[in-house]
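Structural features, examined
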Amino acid sequence: MATCPNCGSIVMEGDPYCSHCGAHFRWDDIDDDEDSDDYF
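In this report, we go over the structure that sits alongside the text. (Residues numbered from 1 in each chain as written. Predicted model: local features only at pLDDT ≥ 70, side-chain atom pairs only at ≥ 80, totals over all residues. Heavy atoms only, no water.)

**Digging into the packing of aromatic side chains**
To describe a pair of aromatic rings, one takes the distance between the centres and the angle between the planes. Counted only if it meets this: Only rings of Phe, Tyr and Trp enter the pairing, Trp through its six-membered ring, and a pair is recorded when the two centres are within 6.5 Å. The plane angle decides the type: under 30 degrees is stacked, over 60 is edge-to-face, the rest tilted. To sort residues, take the accessible area from a 1.4 Å probe on protein chains only and compare it with the maximum for the residue type: under 20% means buried, over 50% means exposed, and anything in between is partly exposed.
Counted by the stated rule, this structure contains one aromatic pair. Residues Phe25 and Trp27 carry aromatic rings whose centres are separated by 5.8 Å and whose planes lie at 70° to one another, so their mutual orientation is edge-to-face. There is no split in this pair, since Phe25 and Trp27 are both buried.

Right, dumping it as structure tokens:
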């Protein structure tokens, strides 16, 4: 389960931004490992 690095809210992997605080994400789809939450 991914969380927003800005506010800590739960986000769906692949979402372009956090619906709670509006932080924008860039998801890296290099691998499909569920333990890897690659967002920036």
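**Some points on the pattern of salt bridges**
Using the following cut-off: Any carboxyl oxygen of Asp or Glu within 4 Å of a side-chain nitrogen of Lys or Arg constitutes a salt bridge here.
Evaluation of the coordinates by the stated rule reveals one salt bridge. One salt bridge connects Arg26 with Asp28, and the closest N-O pair in it is separated by 3.4 Å. Residue Asp28 is classed as partly exposed on the basis of its relative accessible area, which comes to 25%.

**Focus: the state of the cysteines**
Keep this limit in mind: Here, two cysteine sulfur atoms that lie within 2.5 Å of each other are counted as a disulfide.
Taken as a whole, this structure holds zero disulfides when the rule is applied. Sulfur of Cys21: no disulfide; nearest cysteine sulfur belongs to Cys4 and is 3.7 Å away. A residue is classified by how much of its surface remains accessible, and Cys21, at 34% relative accessible area, is partly exposed.

**Regarding the environment of Asp28**
Test applied: The numbering of helices and of strands both runs from the N terminus, where a helix is a DSSP run of H or I of at least 4 residues and a strand a run of E of at least 2. Polar contact is defined as a pair of N or O atoms within 3.5 Å, subject to the rule that within protein one atom must be able to donate a hydrogen and the other to accept it, and that residues adjacent in sequence are counted only when both atoms are side-chain atoms.
Mapped onto the fold, Asp28 is located in the segment after strand S2 (10-11). Taking the C-alpha atoms as reference points, Asp28 and Gly14, separated by 14 residues in sequence, lie 9.1 Å from one another. At 3.4 Å, the side chain of Asp28 and the side chain of Arg26 are in polar contact.

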